[in-house]
Amino acid sequence: MTSKNKSPRNLAESVCAELRKRHVAFPDERIIVDLFETTYYSSLRTEESEPVTFHLVFLDPAQPDPKPPKNPVKDRWSFIPFAEPIEFSILNVVKIAKSSGLTTSSLVVWPGTEGKLFIWGLVDQQNRFHKFLNRSAEVEAERPGLFQVSVEGIGVIVVYLRYEKVAELRVNELIRNSLDVFGESPIRDLLAPGIADHIDSLHDNLPEDLPCSCYNEEIHVQQWLSVLCRILLRVQKLKHGGALLITPELARQGLNVKYRIDYERLQGALATNAVLKSRFDCMELSLLEQDESKASDIPASRFLRLRRLEKELRSSKNEIDGVIWFIALLTRVDGLVLMDRNLAVRGYGVEITTSAEPENLFIAGDRLGSEAKLRPAGYNHFGTRHRSMMRYCFENPGSIGFAISQDGEVRVISKIGERLIMWENIKLKYYSYVSKKK
């Protein structure tokens with residue numbers, strides 16, 4: 001009988017299968033299994049009472065950069081070798097893990113001549129990848145190695161091939177897919193009015209003479225959704241747990257708002273950023289299309305205007321980042337953060353006073369909440385934060401509840417039709433899963 005519990009060996013098998021499918025040469029599979037077993041058991045240890053988290057790349061130190069670009073960017077990664085390689089053992093990994101970081105640098109791991117794994121050095125400048133992954137940058141960064149591994153918590157290992165996630169081992173569960181509820185889904189439909197308001201505000205503020213080629217509505221829709229994801233990711237990283245509730249204007253019954261505020265800065269900041277980006281892209285495109293033979297005829301004032309726009313755009317991005325931090329920190333106060341459909345905060349420390357338990361609860365098996373893939377769940381199997389959100393959302397259709405556990409799990413709750421549905425394993429970061437088709 002096949003066990004439902006998955007192990008580091010199962011994760012290794014998934015990675016090896018994907019490498020074979022891509023015809024990528026790699027060392028013996030037993031070495032890959034040893035890599036993930038050592039990584040997994042290291043994550044179960046602590047160092048000075050803190051969890052062991054780190055990032056590693058499976059990279060050949062003899063050929064760390066086989067195909068360097070002709071014109072590398074200044075902040076491109078580089079390989080920093082140790083004078084002597086260090087054995088890749090649980091004890092050594094626990095000790096050296098703090099010299100790497102999930103958002104800054106990586107340990108370089110590769111087998112020696114006899115197939116034994118060693119830590120050969122470090123790779124720097126990993127910030128760009130993690131900024132893009134967490135929706136804080138717009139351009140993908142180059143990634144070193146055959147594959148990359150993030151140890152994000154106790155028993156939590158995530159494996160990437162560049163920007164494709166191969167699989168995630170979460171203690172004893174192997175996750176091969178996540179639910180993109182911000183794409184086509186009932187949750188996206190409930191968010192649509194707020195997105196429509198955002199797009200309407202752009203139309204009111206964009207210059208009338210802006211060419212159509214400089215305005216892409218879908219980009220601004222995705223930015224709106226990305227900001228919501230970034231708030232949830234920021235709360236997740238605080239490791240405190242929290243909850244956000246997006247509810248229609250009139251659906252306020254059943255809420256006791258302890259700290260009432262009207263924080264509407266995000267909506268304005270998003271609109272300003274979208275307008276600035278459209279103007280900047282248009283002016284930059286115009287200059288790039290200028291015939292080189294006429295370059296001397298371009299007034300210096302145009303370049304100065306472009307630089308000013310660039311500075312304003314950078315300032316606008318910083319404003320949005322600051323707003324995201326502000327909202328995320330509100331979740332550290334007991335109670336939820338209350339938001340309207342335009343992502344304006346209307347209060348925090350909010351207590352849900354609705355007492356009637358939901359008549360049903362289902363876990364979604366896909367992003368659409370398809371009836372065939374719904375499975376019944378027990379209301380009492382969840383904690384206080386989740387149960388209160390379930391009660392409110394069941395009584396107030398059109399509301400969306402986001403519950404973030406202390407361990408980082410993000411769940412989305414809403415009533416669709418007559419069913420209360422909860423989505424787990426939500427896709428918040430920028431990545432795609434590897435295709436399961438040959």
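Just so we're clear, the structure is a prediction, and the values are computed from it rather than from any experiment.

Trainee: Would you explain the overall build of the protein in this entry?
Mentor: A tally of helices and strands in the protein yields nine helices and 20 strands. With the C-alpha coordinates of the protein rotated into their principal frame, the extents come out at 75 × 70 × 45 Å. Counting only residues that meet the buried cut, the protein has 50% of its 438 residues in that class. The long-range share in the protein, meaning contacts at least 24 apart out of those at least 6 apart in sequence, stands at 67%.

Trainee: How do you make sense of the environment of Gly 369 when you look at a structure like this?
Mentor: Examined against the element boundaries, Gly 369 turns out to sit in the loop between strand 15 (362-363) and strand 16 (375-376). Note: C-alpha distance between Gly 369 and Ile 324 (45 residues apart in sequence) is 29 Å. Excluding residues that lie within four positions of it along the chain, Gly 369 makes contacts with Ala 364, Leu 374, Ile 421 and Trp 423.

Trainee: Would you take a moment to explain the state of the cysteines for this structure?
Mentor: As used here, a disulfide is simply a covalent bond connecting the sulfur atoms of two cysteines. One pass over the full model with this rule turns up zero disulfides. Note on Cys 229: no disulfide assigned, nearest cysteine sulfur contributed by Cys 393 at a separation of 17 Å. For Cys 229, a relative accessible area of 1% translates into the label buried.

Trainee: I would appreciate a short explanation of helix 1 (residues 8-21) in the present structure.
Mentor: Three- or four-residue spacings in an α-helix give side chains the same orientation, since the helix completes a turn every 3.6 residues. For helix 1, spanning 14 residues, the distance from its first C-alpha to its last is 20 Å, which sits close to the expected 20 Å at 1.5 Å a residue. Three or more residues of helix 1 are buried, namely Pro 8, Leu 11, Ala 12, Ser 14, Val 15, Cys 16, Glu 18 and Leu 19. The elements touched by buried residues of helix 1 are helix 2 (29-43), strand 7 (147-153), strand 8 (156-161), strand 9 (164-170) and strand 10 (173-175). Note on helix 1: the residue one or two positions beyond its end, His 23, has a positive phi of about 60°.

Trainee: Hey, could you run me through the domain arrangement of the protein in this one?
Mentor: Often, the extent of an interface is quoted as the loss of accessible area on bringing the components together. On domain assignment, one finds that the protein holds domain 1 (8-176) and domain 2 (186-432). Centre-to-centre, using C-alpha coordinates, domain 1 lies 31 Å away from domain 2. On the side of domain 2, 15 residues touch domain 1, which itself brings 13 residues to the contact. In this structure, the connection of domain 1 to domain 2 is made through one salt bridge.

Trainee: What is the right way to look at the sheet that holds strand 16 in this model?
Mentor: For sheets, the rule is that strands pair by backbone hydrogen bonds, running either parallel or antiparallel. Pairing is mixed across the open sheet formed by nine strands, whose spatial order is 12-14-13-11-17-18-19-15-16. Either end of the sheet is taken by a strand with one partner, and the two such strands are strand 12 (255-263) and strand 16. Note that strand 15 and strand 19 (residues 419-423) share two bridges and pair parallel. Following the sheet pairing, Ile 363 is matched in strand 19 by Met 422. Strands in contact with helix 5 (residues 186-205) are strand 11 (242-246), strand 17 (400-404), strand 18 (410-416) and strand 19; relative to strand 18, the strand with the most contacts, it is inclined by about 80°. Contacts from helix 8 (residues 300-330) reach strand 12, strand 13 (336-339) and strand 14 (345-352), with the element oriented near 165° to strand 12.

Trainee: Any chance you could explain a nonpolar patch on the surface here in plain terms?
Mentor: A contiguous nonpolar patch, built from Tyr 41, Leu 44 and Ile 154 and spanning about 290 Å² of accessible area, is present on the exposed surface. Residue position: Tyr 41 is located in helix 2. On the basis of relative accessibility, which here comes to 41%, the residue Tyr 41 falls in the partly exposed class.

Trainee: Would you take a moment to explain empty space enclosed by the protein for this structure?
Mentor: Over the atoms, a rolling probe the size of a water molecule traces out where space has been left empty. Tallied over the entire structure, the rule returns two cavities of 30 Å³ or more. One number sums up the size of the largest cavity: a volume of about 80 Å³. If you trace the largest cavity, you find it lined by Asp 75, Arg 76, Trp 77, Gln 125, Gln 126, Arg 128, Phe 129, Ala 141, Glu 142, Arg 143 and Pro 144. A breakdown of the residues in the lining of the largest cavity according to their chemical character gives four nonpolar, two polar and five charged. Taken as a whole, the second largest cavity holds about 40 Å³ of empty space.

Trainee: Sorry, what's going on with the nonpolar core here?
Mentor: The tendency in soluble globular proteins is for nonpolar side chains to be buried side by side. With 51 residues, the main nonpolar core has Phe 182, Leu 191, Leu 244, Leu 266, Met 339, Phe 402 and Trp 423 as its most contacted residues. Per-element accounting of this core gives the leading share, 10 residues, to helix 6 (residues 217-238). Counting 35 residues, the second-largest nonpolar core is a separate cluster that includes Leu 11, Val 15, Ala 97 and Leu 107.

Trainee: Is there a simple way to explain the packing of helix 5 against helix 6 in this structure?
Mentor: Geometrically, a packed helix pair is captured by the angle between its two axes and the distance between the axes. The geometry of helix 5 relative to helix 6 is characterised by a closest axis approach of 10 Å and an angle of 125° between their N-to-C directions. Overall, the two elements helix 5 and helix 6 adopt an arrangement that is oblique. For helix 5 against helix 6, the interelement crossing comes out right-handed. Of the residues in helix 6, those touching helix 5 at Arg 188, Leu 191, Gly 194, Ile 195, His 198, Ile 199, Leu 202 and His 203 are Glu 217, His 220, Val 221, Gln 222, Trp 224, Leu 225 and Leu 228. Each residue belonging to the contact of helix 5 with helix 6 can be placed in one class, and the counts come to eight nonpolar, five polar and two charged.

Trainee: It is not clear to me how the pattern of salt bridges should be interpreted in this structure. Could you clarify?
Mentor: Should the charged atoms of two oppositely charged side chains come close, the side chains can pair. Counted according to the given criterion, the structure contains 25 salt bridges. Between Lys 95 and Glu 47 there is a salt bridge whose closest N-O contact spans 3.8 Å. Here Lys 95 is found in helix 3 (residues 90-96), whereas its partner Glu 47 is found in strand 1 (residues 46-47), with 48 residues between them in sequence. In this structure, Arg 76 engages Asp 65 in a salt bridge whose closest nitrogen and oxygen atoms are separated by 2.7 Å. Here Asp 65 lies in the loop between strand 3 (54-58) and strand 4 (79-87) and Arg 76 lies in the loop between strand 3 and strand 4, a separation of 11 residues in the sequence. Among the residues examined, Arg 76 registers a relative accessible area of 13% and is labelled buried. A relative accessible area of 26% means that Asp 65 is categorised as partly exposed. Taken together, the shared-partner salt bridges in this structure form one network comprising Glu 18, Lys 21, Arg 22 and Glu 164.

Thresholds, definitions, all that
Residues numbered from 1 in each chain as written. Predicted model: local features only at pLDDT ≥ 70, side-chain atom pairs only at ≥ 80, totals over all residues. Heavy atoms only, no water. Helix = DSSP H or I, 4+ residues; strand = E, 2+ residues; numbered from the N terminus. Buried < 20%, exposed > 50% of the residue type's maximum accessible area, 1.4 Å probe, protein only. Contact = heavy atoms within 4.5 Å. Disulfide = S-S within 2.5 Å. Expected span 1.5 Å × (residues − 1). Domains from an automatic or database assignment. Salt bridge = Lys/Arg side-chain N within 4 Å of Asp/Glu carboxyl O. Pairing = 2+ DSSP bridges. Axes fitted to C-alpha atoms, helices over the stretch in contact; angles between N-to-C directions. Patch = residues over 30% accessible without salt bridge, like charges linked within 9 Å, V, L, I, M, F, W, Y side chains within 5 Å. Areas by Shrake-Rupley, 256 points an atom, 1.4 Å probe, with all protein chains shown as cover. 1 Å grid on protein atoms, 1.4 Å probe; cavity = no way out; pocket = protein on both sides within 12 Å on 5 of 7 lines; lining within 4 Å. Points joined across faces, edges and corners; volume = space filled by probe spheres on them. Nonpolar A, V, L, I, M, F, W, Y, C, P; charged D, E, K, R; others polar. Core = buried A, V, L, I, M, F, W, Y, C linked by side-chain atoms within 4.5 Å. Parallel < 35°, antiparallel > 145°, perpendicular 65-115°, else oblique. Left-handed = near helix turned anticlockwise from the far one by under 90°.

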